[in-house]
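So the chains spell out like this:
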Amino acid sequence: MSKKILQVEQLNVTIPGKVLIHQLSFDVYSGTLLCLTGDNGVGKTTLIKYLLQAAKDTISFQKEIRFNINFDDIQLVPQFRDIDDEFPLSVKDFIVLNLTRQWLPWLIKSENEQLQKIINLTNLNDIKNRALGRASGGEKQRVYLAQALMTHPKLLILDESTSNLDYESRIDLLKLVKKIIAQEQLTVIFITHDPELVQMFGDFELNINNGHGELSNLRLTTKGGKHA
Ligand SMILES: Nc1ncnc2c1ncn2[C@@H]1O[C@H](COP(=O)(O)OP(=O)(O)OP(=O)(O)O)[C@@H](O)[C@H]1O
């Protein structure tokens, strides 16, 4: 089994006046895809907010949440982006928005190399100069993924990245995510309502139900030895 990058022990996930998830414990292993599932409103996004807060402020949650990576090693691809048809920035320019160095208005050699590597990895060569607003839903998701990958994350959190995509685009995106996990030793937490994707691509499933979370190892439990 690969290295643990995150350990959560007996965590209560709360909102004002209510415990959403009781005594939640699970581990996340490096180089795996963990699917976070559960009905609307069970607390998946709130759990992710706790994890991000704990990565930033390691002291407050030190008993319940322990990361073996830093906050800067984590990238979140949010569920909603305000990108309409008129969004003028090119795919290439959007991908580099995450880079924090702002003292030069152009990219240095290593950043250009990283950009081209990520564009190749996410199959965006054909549309890299197109305005992002003109990209299809599936292409946009690949661009968001590419933007997140620019900073060499160790943990990527995908919040329902496939929810507005057709069947083929959903499968394609998850195949790409699995390829990147294998190539880059990336770890992914994927929030999803899609049981088929969980079964096809997940290594682990953390299902939240009735205020409790249960972690399943899908590689061990899947019939037919899909992941064995
Ligand atoms: N700051 C807050 N104050 C009050 N209620 C909140 C707060 N944050 C979240 N909630 C409530 O907590 C519940 C869980 O929300 P959350 O967004 O975590 O659910 P979710 O499992 O991600 O749902 P979905 O699948 O619909 O995205 C919801 O009922 C939401 O309205």
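Above this note sits the structure.
Residues numbered from 1 in each chain as written. Predicted model: local features only at pLDDT ≥ 70, side-chain atom pairs only at ≥ 80, totals over all residues. Heavy atoms only, no water.

### Overview of unusual backbone geometry
Leaving glycine aside, a negative phi is the common case for residues, and trans is the common case for peptide bonds. With phi around 55 degrees, H152 is a residue other than glycine that occupies positive phi space. Secondary-structure assignment places H152 in the loop between α4 (137–149) and β6 (155–159). With a phi close to 55 degrees, N210 is a non-glycine residue in the positive phi region. Within the secondary structure, N210 sits in the loop between β8 (204–209) and β9 (212–217). Taking relative accessible area as the criterion, N210 reaches 69% and is therefore assigned exposed. (Helix = DSSP H or I, 4+ residues; strand = E, 2+ residues; numbered from the N terminus. Buried < 20%, exposed > 50% of the residue type's maximum accessible area, 1.4 Å probe, protein only.)

### Topic: the packing of aromatic side chains
All chains considered together, the criterion is met by four aromatic pairs. Three or more aromatic residues joined by ring pairs form one cluster here, namely F87, F94 and Y144. (Phe/Tyr/Trp six-rings, centres within 6.5 Å; stacked < 30°, edge-to-face > 60°.)

### Topic: the pairing of β6
Of all five residues making up β6, five are buried, and the element is well covered by its neighbours. Residues L155, I157 and D159 of β6 are buried on one face, and the alternating residues L156 and L158, pointing to the opposite face, are buried as well. Pairing of strand β5 (residues 74–77) with β6 involves four bridges; the strand directions are parallel. In the strand pairing of β6, V77 is matched with L158. The sheet contact formed by β6 and strand β7 (residues 187–191) spans five bridges and is parallel. When the sheet's bridge partners are listed, L158 is paired in β7 with F190. (Pairing = 2+ DSSP bridges.)

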